[in-house]
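What the coordinates show
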Amino acid sequence: MSTSDAGPESYYERTGAGRYRPTVHAGGAWSTDEQHFSPLAGLVAHEIEQHLAERPGNLELSRISYDILGRIALDECEITVETVRPGRTIELLEATVVIGDRPVVRARAWLLSSQDTSSVADSPHERLPAPEELTPWAMDEEWDGGYVSSIDVRRLPPSRRGRTAAWISSRLDLVAGEPSSALASYVALVDTANGIAVQQDPEKWVFPNLDLTIHLHRRPRGPWTGLDTTVTFGPTGQGRTSSVLHDVDGPVGHAEQILTVRPAAHD
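The rules behind each value
Residues numbered from 1 in each chain as written. Predicted model: local features only at pLDDT ≥ 70, side-chain atom pairs only at ≥ 80, totals over all residues. Heavy atoms only, no water. Helix = DSSP H or I, 4+ residues; strand = E, 2+ residues; numbered from the N terminus. Buried < 20%, exposed > 50% of the residue type's maximum accessible area, 1.4 Å probe, protein only. Pairing = 2+ DSSP bridges. Polar contact = N/O pair within 3.5 Å; in protein donor to acceptor, adjacent residues only side chain to side chain. Salt bridge = Lys/Arg side-chain N within 4 Å of Asp/Glu carboxyl O. Phe/Tyr/Trp six-rings, centres within 6.5 Å; stacked < 30°, edge-to-face > 60°.

1. Notes on unusual backbone geometry
Following Gly222, the chain continues to Pro223 via a peptide bond in cis, the omega torsion being 5°. Tracing the sequence through the fold places Pro223 in the loop between β12 (211-216) and β13 (225-233). Residue Asp101 is not a glycine yet carries a positive backbone phi of 70°. Topologically, Asp101 is positioned in the loop between β5 (90-99) and β6 (102-113). Residue classification places Asp101 among the exposed positions, given a relative accessible area of 77%.

Right, here's the structure in full:
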């Protein structure tokens, strides 16, 4: 794995209740003084689970949708979680990430009751080849940032521009000295999808995502996050990254990202 030896072996350090300081490993791909959204998405899921741990229940996080409201600086952040729609079988939570007194991310999570539906469980999506069957890909040779340098990527050769599948894992903790669930650690790698199946050279075009929505039909387990990804660019500056999500047991859900597509600015 290509993780840098510098800095702590985590993406975040807790500084207080709901407060976290990103480490160098959370650095972004488009700008290294910003946070990569992938570990921050996992941190929000982690904070939601901390909120839920304070009370009993059998609700499963089944959808989480993030809106990125602006630049996510590589600075300390505060995350708050509140219940929007309470319920015994269906509940809606909202989390807000604030940096420097400015909201930078809002996320809404639907929780659904857990019950036995194994007799009708099915998916039309084929399992991905196992991670050990795929060739390691040095993603940090094409993308910058501490986050990209921290992950282990095993990728199928792209069949065409904008189409490939990959497994992602990381040996780093999400929060230093603090256990995180398999779900939060899994979610912390999903946003990598926008960088594994590029449509155009990121030196010539920029295509950051403005959101991330994850739907899960079962709870994933780690340590690998599988991404079967397709990237589409439209003719008027919009794009979409769409992924079927997998763990080593098979498909677990879907992820969607809307992209703003524009030529790269050059001096």
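2. Describing the pairing of strand β1 (residues 10-16)
For β1 and strand β10 (residues 173-175), the ladder comprises two bridges, and the chain directions are parallel. By the bridge assignment for β10, Ser10 is matched with Asp173. Taking the residues that link successive antiparallel strands as the turn, the β1-strand β2 (residues 19-22) hairpin has two residues, and the phi of Gly18 there is positive, at about 70°.

3. Topic: the pairing of strand β9 (residues 163-170)
Counting buried positions over the eight residues of β9 gives six, a clear majority of the element. Alignment of strand β8 (residues 151-155) against β9, held across five bridges, turns out to be antiparallel. Within β9, the position partnered with Arg154 by the bridge is Trp167. Sheet topology note: the β9/β13 ladder contains six bridges and is antiparallel. By the bridge assignment, Ala166 is partnered in β13 with Leu227.

4. A word on the side chain of Ser150
Relative to the elements of secondary structure, Ser150 occurs in helix α2 (residues 146-150). The class of Ser150 is buried, set by a relative accessible area of 0%. Among the polar contacts made by the side chain of Ser150, one reaches the main-chain carbonyl oxygen of Tyr147 at a distance of 2.7 Å.

5. Overview of the pattern of salt bridges
Following the criterion strictly, the structure yields 15 salt bridges and no others. When the shortest N-O distance is used, the salt bridge between Arg171 and Glu9 registers 2.4 Å. In this pair, Arg171 sits in the loop between β9 and β10 while Glu9 sits in the segment before β1, placing the two residues 162 residues apart along the sequence. By relative accessible area, which is 47% here, Arg171 ends up partly exposed. Overall, the relative accessible area of 33% leaves Glu9 in the partly exposed class. We note a salt bridge from Arg19 to Glu76, for which the minimum N-O separation is 2.9 Å. Of this pair, Arg19 sits in strand β2 while Glu76 sits in the loop between β3 (59-68) and β4 (77-85); the two residues are 57 residues apart in sequence, bridging distant segments of the chain.

6. Looking at the packing of aromatic side chains
The geometry of an aromatic ring pair is captured by two quantities: the separation of the ring centres and the angle between the planes. By the definition in use, this model includes six aromatic pairs. A ring pair is formed by Trp30 and Phe207, whose centres lie 5.2 Å apart and whose planes are at 90°; its orientation type is edge-to-face. With Trp30 in the loop between β2 and α1 (37-52) and Phe207 in the loop between β11 (205-206) and β12, this pair connects stretches of sequence that are 177 residues apart. Taking the relative accessible area as the measure of exposure, Phe207 reaches 0% and is therefore buried. Ring centres of Trp143 and Phe207 lie 6.1 Å apart, and the angle between their planes is 85°; this geometry places the pair in the edge-to-face category.

7. Considerations on the side chain of Glu91
Within the secondary structure layout, Glu91 lies in strand β5. Glu91 gets classed as buried once you look at its relative accessible area, which sits at 3%.

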